[in-house]
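Working through the structure, step by step
Spelled out from the first residue to the last, the chains are:
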Amino acid sequence: MGFDFELILAVAFLVTGAFWVYDRIVFAPKRKQILSGMDQAAQKAISKEAKERLADTPKLVSEVKSYFVIIAVIFGLRSFVVEPFQIPSGSMLPTLQIGDFILVNKFDYGLRLPVTNTTLIPTSEPKRGDVVVFKYPLDPSLNYIKRLVGLPGDKIRYHDKVLTVNGQQVSKEFLAALPISLNPNREPVTLFKENLGGVEHDIYNSNRNTPHEGNWVVPEGHYFVMGDNRDNSADSRFWGFVPEENMKGRAFYVWLHWDDFFSIPSFKNNGLIE
């Protein structure tokens, strides 16, 4: 079980919001009444903390409700607009490097309720070739990032490092044989440019045999995803399909690269498990 930062943030929003509402109903009118009896000079001379004490506002109420606005802004942005993540592993190499900070568009696949991920307002549907962030089907508290390969109803085949979608081999162009790669073990790889439904991107194939083969038919309401680091990615070839309701958004921008992931505590629990 992972650390569900989204759930913690939602709880913080509800708790601070409840204290804010309680203060507005119970104590704010008392403060207003007391201040109305003072002249303007006296009102300006009183500090914010003193104004709180005028109505005997409990310190706990004052402290907790003071965080409501900032938590509400963060909660709203992360839930409905964009959410930041950091890449902790190499399953999306060479497209995304270990340590990349990315932004995920939360509105692309519909306006969704936080935590439950239920769609409120549908917008567009995931497209083949998108780099998607989703809740890991075997443990929804974890976030995964992969490339969307198969749409509902698609027939997928992966054999001898060749990807086939609906009977059509996905084209890939040889770019280079790299004696040293960006993989943590620095193993040699072959770099290709793949064209997946008109979306061009680079992929790695290792020079060793790997048991990443099979045939799949994508069920309705589900998606098939793979890492661009084809021989070093735990994806739909191993644990199955991604339900539509698990989709969180589309990764669209790398805004920073920092190799030492664990040196930034605020992002430790907001990274992606790949």
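Refer to the structure printed above.
Parameters at a glance
Residues numbered from 1 in each chain as written. Predicted model: local features only at pLDDT ≥ 70, side-chain atom pairs only at ≥ 80, totals over all residues. Heavy atoms only, no water. Helix = DSSP H or I, 4+ residues; strand = E, 2+ residues; numbered from the N terminus. Expected span 1.5 Å × (residues − 1). Buried < 20%, exposed > 50% of the residue type's maximum accessible area, 1.4 Å probe, protein only. Arc of directions from axis to C-beta. Contact = heavy atoms within 4.5 Å. Pairing = 2+ DSSP bridges. Lys, Arg positive; Asp, Glu negative; His and termini not counted. Salt bridge = Lys/Arg side-chain N within 4 Å of Asp/Glu carboxyl O. Polar contact = N/O pair within 3.5 Å; in protein donor to acceptor, adjacent residues only side chain to side chain. Axes fitted to C-alpha atoms, helices over the stretch in contact; angles between N-to-C directions. Parallel < 35°, antiparallel > 145°, perpendicular 65-115°, else oblique. Left-handed = near helix turned anticlockwise from the far one by under 90°. Nonpolar A, V, L, I, M, F, W, Y, C, P; charged D, E, K, R; others polar. Core = buried A, V, L, I, M, F, W, Y, C linked by side-chain atoms within 4.5 Å. Phe/Tyr/Trp six-rings, centres within 6.5 Å; stacked < 30°, edge-to-face > 60°. Lys NZ or Arg CZ within 6 Å of the ring centre and 35° of its normal.

This brings us to helix α1 (residues 5-26). Here α1 spans 31 Å end to end across 22 residues, near enough to the 32 Å set by a 1.5 Å rise per residue. Turning to α1, its buried residues number three or more, namely Glu 6, Leu 9, Ala 10, Thr 16, Gly 17 and Asp 23. Seen end-on, α1 carries its buried residues on one side only, within an arc spanning 155°. Across α1 from its buried face, at more than 90 degrees, point the exposed residues Leu 14 and Ile 25. Buried residues belonging to α1 abut α2 (28-36), α4 (48-54), α5 (59-65), α6 (68-80), β5 (131-135) and β16 (247-257).

On to the sheet that holds strand β1 (residues 82-86). Pairing between the strands of a sheet is mediated by backbone hydrogen bonds and can be parallel or antiparallel. Here we have seven strands laid out as an open sheet, ordered β1-β2-β16-β5-β6-β14-β15, and antiparallel in their pairing. Either end of the sheet is taken by a strand with one partner, and the two such strands are β1 and β15 (242-243).

Take unusual backbone geometry next. Look at the link from Leu 93 to Pro 94: it is a cis peptide, with omega at 0°. One non-glycine residue with positive phi stands out, namely Val 115, at about 70°. The residue Asp 160 is not glycine, and still its phi comes out positive at about 55°. Inspection of the secondary structure assignment puts Asp 160 in the loop between β7 (155-159) and β8 (162-165).

Our next topic: the side chain of Asp 100. Within the element layout of this structure, Asp 100 appears in strand β2 (residues 100-105). An unpaired buried charge is present at Asp 100: no salt bridge exists, and Arg 147, the closest side chain of opposite charge, is 11 Å distant. A polar contact of 2.8 Å, which involves the side chain of Asp 100, links it to the backbone nitrogen of Gln 97. Side chain to side chain, Asp 100 and His 257 meet in a polar contact 2.7 Å long. Not counting residues up to four positions away in its chain, the partners in contact with Asp 100 are Phe 85, Gln 86, Ile 87, Val 254, Leu 256 and His 257.

Here we take up the environment of Leu 103. Relative to the assigned elements, Leu 103 resides in strand β2. Not counting residues within four places of it along the chain, the set of residues in contact with Leu 103 comprises Glu 83, Pro 84, Arg 250, Ala 251, Phe 252, Tyr 253 and Trp 255.

Here we come to the pairing of strand β12 (residues 199-206). Both strand β11 (residues 189-196) and β12 contribute to a ladder of eight bridges, which runs antiparallel. Paired with Lys 193 across the strands is Asp 202, a residue of β12. In this antiparallel pair of consecutive strands, β11 and β12, the connection spans two residues, and Gly 197 shows a positive phi of 65°.

Further remarks concern the packing of α1 against α6. Between α1 and α6, whose axes approach to 9 Å, the crossing angle comes to 140°. Our classification of the angle between α1 and α6 gives oblique. At the point where α1 passes α6, the crossing takes the left-handed sense. When α1 is examined against α6, the residues Phe 5, Leu 9, Ala 10, Ala 12, Phe 13, Thr 16, Gly 17 and Trp 20 are found in contact with a partner set consisting of Phe 68, Ile 71, Ala 72, Ile 74, Phe 75 and Arg 78. For the contact of α1 with α6, the residue count by class is 11 nonpolar, two polar and one charged.

This part covers the side chain of Asp 154. By the element assignment, Asp 154 lies in the loop between β6 (143-150) and β7. A distance of 2.5 Å separates a polar atom in the side chain of Asp 154 from a polar atom in the side chain of Arg 128. Only 2.9 Å separates the side chain of Asp 154 from the side chain of Asn 166, close enough to count as a polar contact. For Asp 154, the residues in contact, after removing those within four places along its chain, are Arg 128, Val 149, Val 165, Asn 166, Trp 216, Val 217 and Val 218.

Attention shifts here to the nonpolar core. Within the largest apolar cluster, 12 residues are counted, these being Tyr 109, Val 132, Phe 134, Tyr 136, Leu 142, Tyr 144, Leu 148, Tyr 223, Val 225, Trp 239, Val 242 and Met 247. Aside from chain neighbours lying at most four places away, what touches Tyr 109 is Thr 123, Ser 124, Glu 125, Pro 126, Asp 130, Val 132, Met 247, Gly 249 and Arg 250. Val 149, Leu 163, Val 170 and Met 226 belong to the second-largest nonpolar core, a separate cluster that totals 11 residues.

Right, let's talk about the packing of aromatic side chains for a bit. Taken as a whole and judged by the stated rule, the model has 13 aromatic pairs. Centroid distance Phe 13 to Phe 75: 4.6 Å. Interplanar angle 15°. Geometry classified as stacked. Here the residue Phe 13 occupies a position in helix α1, and Phe 75 occupies one in helix α6, the gap between them amounting to 62 residues. Plain terms: the ring middles of Phe 134 and Tyr 144 are 6.1 Å apart, the flat faces sit at 50° to each other, and that makes the pair tilted. Separated by 10 residues along the polypeptide, Phe 134 in strand β5 and Tyr 144 in strand β6 bring together distant segments of the chain. Each member of the pair Phe 134 and Tyr 144 is classed as buried. One aromatic cluster is present, built from ring pairs that chain together Phe 13, Trp 20, Phe 68 and Phe 75. When the ring centre of Tyr 158 is taken as origin, the NZ or CZ atom of Arg 237, which lies over that ring, is 5.1 Å away.

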